[in-house]
Amino acid sequence: MKRIMAMLEKRQLITRLQMGFSIPLLIALLIGLIAINSMREMTDKSMDMYEQDLLGISQLKDVNINLIYIGRNLQQMMLAQNIADQEIAKAKVDEAILTLQKKLDKARKHIFMQEGKKNIAEFDSYLEQYILNVDQVILLIKKDDFKTREAVKYIAGDEYTSIINELDNTLIAATKIKENTAKQTAYTLSSLGEKNREYTLILMFMGLLLGAGTGLVLSRSIQGPTDQLRDSIEGLASGKLDDRIPYTDYSNEIGAISRAVKVLQDVCGSMETQRWIK
């Protein structure tokens, strides 16, 4: 500690002031860099969550919606009282099937986990059978000439309902996997934010301690020589011409003042000697 104080005391005053101001600035810069890195990392993870999970969930929800549209338009087709209304309902069924397949292809691009890929593969096989069942329902509707008894019976049968249930189950399973992944990413983001908050608080606390410590050391490096030089000047004023003037070997402001005081001491000493000679 004494070596540090001696080294600081020999420095120019402006150098010590620069040291005192630069340390808090460095701490502030470090906190800023950590905050920027944290924001970048959180932004990257947020984009990953959006592109990999949220878009996948959205596409899977759209697949489910179009499954509902297929069933609803089949009902409309069975309730139709003329060929024109039947054809309109059938066109909507075909459109819903086409949209479902497009949404499923988009969702497939956002499925990365092996379990999710397995669910989508199972969904594909069930969907293929479901479309065949839908075609069978349409044939029965057209066959009955607006009498939908056989179509209703087929839809209520195990062959049709079991496929619907399997489609729902596999789609729900795939969606849950994406939702769990999104939740995990959100938790990671939350943990990252909390960790960075802790780091920032620690750095701020360390900055306060370091700033206070640096200020104390620098103030002592200024006050110590100043007090001793003041005592020397007061001693010189009181007639103590033989006291040693400290810091005359310093190359800073304190050294310059000490050497000036030393010159004054020598002049006073010469004058005192001449007075005694007379």
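Everything here concerns the structure above.
Residues numbered from 1 in each chain as written. Predicted model: local features only at pLDDT ≥ 70, side-chain atom pairs only at ≥ 80, totals over all residues. Heavy atoms only, no water.

Comments concerning the overall build of the protein chain
Along the protein chain, the regular secondary structure elements total seven helices and zero strands. Ordered by position from N to C terminus, the α and β elements of the protein chain give α-α-α-α-α-α-α. When burial is assessed residue by residue, the protein chain has 31% of its 278 residues classed as buried. Partitioning the contacts of the protein chain with sequence separation of at least 6, the portion at a separation of at least 24 is 74%. (Helix = DSSP H or I, 4+ residues; strand = E, 2+ residues; numbered from the N terminus. Buried < 20%, exposed > 50% of the residue type's maximum accessible area, 1.4 Å probe, protein only. Contact = heavy atoms within 4.5 Å.)

Things to note about the packing of helix 5 (residues 149-156) against helix 6 (residues 158-237)
Here helix 5 crosses helix 6 at 50 degrees, and the two axes come no closer than 4 Å. Classed by the angle they form, the pair helix 5 and helix 6 counts as oblique. Every residue of helix 6 that contacts helix 5 at Tyr154, Ile155 and Ala156 is listed here: Asp158, Glu159, Tyr160 and Thr161. Residues of the contact of helix 5 with helix 6, tallied by class, amount to four nonpolar, one polar and two charged. (Axes fitted to C-alpha atoms, helices over the stretch in contact; angles between N-to-C directions. Parallel < 35°, antiparallel > 145°, perpendicular 65-115°, else oblique. Nonpolar A, V, L, I, M, F, W, Y, C, P; charged D, E, K, R; others polar.)

A word on a nonpolar patch on the surface
A cluster of nonpolar side chains, contributed by Leu26, Leu29, Leu33 and Ile36, occupies part of the molecular surface with about 430 Å² of accessible area. Here Leu29 shows up in helix 2 (residues 13-79). (Patch = residues over 30% accessible without salt bridge, like charges linked within 9 Å, V, L, I, M, F, W, Y side chains within 5 Å. Areas by Shrake-Rupley, 256 points an atom, 1.4 Å probe, with all protein chains shown as cover. Salt bridge = Lys/Arg side-chain N within 4 Å of Asp/Glu carboxyl O.)

A short note on the pattern of salt bridges
Throughout the structure, instances matching the rule amount to five salt bridges. When the shortest N-O distance is used, the salt bridge between Lys61 and Glu179 registers 3.8 Å. Here Lys61, found in helix 2, pairs with Glu179, found in helix 6; they are 118 residues apart in sequence, far enough to count as distant. Overall, Glu179 belongs to the partly exposed group, its relative accessible area being 28%. Here Lys103 and Asp62 are joined by a salt bridge, their closest N and O atoms 3.5 Å apart. Note that Lys103 is positioned in helix 3 (residues 83-108) and Asp62 in helix 2, a separation of 41 residues in sequence. Overall, Asp62 belongs to the partly exposed group, its relative accessible area being 21%. One connected set of salt bridges, linked through shared partners, spans Asp105, Arg108 and Asp124.

A look at the nonpolar core
Burial of nonpolar side chains together is a common tendency in soluble globular proteins. With 32 residues, the main nonpolar core has Ile70, Leu74, Phe123, Leu127, Tyr130 and Val134 as its most contacted residues. Counting only elements with at least two residues in this core, the list comes to helix 2, helix 3, helix 4 (114-143), helix 5 and helix 6. If one sorts the elements of this core by residue count, helix 4 sits on top with ten residues. With near-sequence residues (within four places) excluded, Tyr130 lies in contact with Leu67, Ile70, Gly71, Tyr160, Ile163, Ile164 and Leu167. (Core = buried A, V, L, I, M, F, W, Y, C linked by side-chain atoms within 4.5 Å.)

Some words on the packing of aromatic side chains
Taken as a whole and assessed by the stated rule, the structure comprises two aromatic pairs. Each ring, one from Tyr130 and one from Tyr160, has its centre 5.8 Å from the other, and the planes form 50 degrees; the classification is tilted. Here Tyr160 lies in helix 6 and Tyr130 lies in helix 4, a separation of 30 residues in the sequence. In terms of burial, Tyr130 and Tyr160 fall into one category: buried. Taken together, a centroid distance of 6.1 Å and an interplanar angle of 65 degrees make the contact between Tyr154 and Tyr160 edge-to-face. (Phe/Tyr/Trp six-rings, centres within 6.5 Å; stacked < 30°, edge-to-face > 60°.)

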